[in-house]
Amino acid sequence: MTAGKVQVFCFDKTGTLTKAGLEFFGVQTTVAGSFTPMVYSLNETTDLFAKAVTTCHAVTDLNGTLIGNPVDVEQFRASGGVIAPESEYLDTIQAGNAVMHIVRRFQFVHARASMSVAVLDGSDVHVFVKGSFERIKEISRPESLPADYDKVCADLAREGCYVLAIAHKRVDVPIEQLHEQAQDEVESGCEFAGLLVFKNMLKPDTADAIAELKHGSTRTVMITGDTALTGVYIARKCGLMPSGTRVILGESASPNDPVCWIDVDTQEPVTDLAGALSELGSDGFPTTELAVGGTAFQYLCSTGEIDALLLNIRVFARMRPMDKVECVQLHMRYAVTAMCGDGGNDCGALRAAHVGIALSDAEASIVSPFSSSDRSVNSCVELLRESRAGLATSFANFAALICYGQVMSGIVRMSIFYFSVSLTENLWMLIDGGIATGMALTISLSGPAKRLARYRPTSRILGPQMLAAVGGT
């Protein structure tokens, strides 16, 4: 029944609104502190960066099938490497004539937004670190970063690309000593190596499903771990944000720093946020939408400013699993909220929401009240259609039975006082068994509407609509 009352639907991006798998797009390395042009094959890049792409992942080969994170799998396929079936190290990978051994691996952690490997290549030991371009910027030596690093990464994200950065260093310590070092020590002192770029394609039916949800008076929101600019691009592409809408992005350097608001398209700072949000279009709706990054979201929550801005924010980006939970809980204060996701990082939010639907057969489907195996956002539309139909028929049955009692009471009075006729018990049983049961079955078997209506069915059993329907008889 709760699903029939959903007012806000929150969506993960990768694997939910977009296809689960990313497509390798290209790489961009550096020479003398400057970016080189984008190349679309690893055969055209440097040997060092090709080795980084080949080894910096957590993919395993199980009987010829690559197992691992979809991004890692696509990355490894693009490298053309082969994982040896047996190895005295964690893994042995061959790419061309090179044979590389993984001697240590730190798995990807959402809180760090990075992973790293130590690789034995002949007599050399390399450390490769892969992660979000913000994270790699933090750990890389400043002199190794191109001057236009932020601009290039932002431009790629604005075009809907999924951007990972890779850093590298050579180490001269024995492998045994490397095993004793902490992750921060292993990754310290790295130099930026280049960008690894993927394309995140929209599912073919996402735009239609979002349009249907909005037609049904359901607010749609994106909560993603990806960059804000990529989130804005996908939101515009699938119709979360109406075309022509101005988008203002809120970012902060840390959860303790104030939020800076910038126009996504013009890159101009916005000082009068309240004035921008108060501007209305010809349809009576605001012409400005907001997007915030993870640190900006944390700052707004700590200061309490999030309450005034929450229903103006369309894209929540760089959200950790606990941030997703908090974001859903904030929406739950104001409306019946649903969450749709497909990954393990969505489990908390799926569990916390009033209604959760997992587009997955993995761990997300275990914690979520609803799951769908076809992995289409249309499953969310179907859920609302069926739930609204269930809610409407339940209340219709209640109203019909009340009206039935009132009508039959009137018939009894008429038959006794006007016609001096008293109905027999058998006749009453026939009426109750035939008319009442038939009426209830007819209402219950009514199918849902083909499209979501603009108005949700009432959920108040003593509300004006029910009282008018019952009292009118």
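The sections below set out a description of the structure shown in this document. This structure is a prediction, so every number in the text was calculated from the model and none was measured.

Before going further, it helps to examine the overall build of the protein chain. The secondary structure content of the protein chain amounts to 18 helices and 20 strands. The C-alpha atoms of the protein chain give 29 Å as radius of gyration, which overshoots the globular expectation for 473 residues (23 Å, by more than 25%). Judged by the C-alpha coordinates and their principal axes, the protein chain covers about 110 × 55 × 35 Å. Burial statistics for the protein chain: of 473 residues in total, 49% are counted as buried. Relative to all contacts within the protein chain whose residues are 6 or more apart in sequence, the contacts with residues 24 or more apart total 63%. Carbon and sulfur atoms make up 55% of the accessible area of the protein chain, which amounts to about 22500 Å² in all. The protein chain carries 38 positive and 52 negative side-chain charges, and their two centres are separated by 7 Å.

So, about the packing of aromatic side chains. Taken as a whole and assessed by the stated rule, the structure comprises 8 aromatic pairs. Taken together, a centroid distance of 6.2 Å and an interplanar angle of 80 degrees make the contact between F24 and F198 edge-to-face. Residue F24 is found in strand 2 (residues 23–31), and its partner F198 is found in strand 12 (residues 191–199); the two are separated by 174 residues along the sequence. One exposure class covers both F24 and F198, and it is buried. Arranged with centres 6.4 Å apart and planes meeting at 65 degrees, the rings of Y162 and F198 form a pair that is edge-to-face. Of this pair, Y162 sits in strand 11 (residues 161–171) while F198 sits in strand 12, placing them 36 residues apart in sequence. Relative accessible area serves as the criterion here: at 0%, F198 is assigned to the buried category. Put simply, the rings of F24, Y162 and F198 touch in pairs and so form one group of aromatic residues.

Rules used throughout
- Residues numbered from 1 in each chain as written.
- Predicted model: local features only at pLDDT ≥ 70, side-chain atom pairs only at ≥ 80, totals over all residues.
- Heavy atoms only, no water.
- Helix = DSSP H or I, 4+ residues; strand = E, 2+ residues; numbered from the N terminus.
- Rg over C-alpha atoms; globule rule 2.2 N^0.38 Å.
- Buried < 20%, exposed > 50% of the residue type's maximum accessible area, 1.4 Å probe, protein only.
- Contact = heavy atoms within 4.5 Å.
- Areas by Shrake-Rupley, 256 points an atom, 1.4 Å probe, with all protein chains shown as cover.
- Lys, Arg positive; Asp, Glu negative; His and termini not counted.
- Charge placed at Lys NZ, Arg CZ, Asp CG, Glu CD.
- Phe/Tyr/Trp six-rings, centres within 6.5 Å; stacked < 30°, edge-to-face > 60°.

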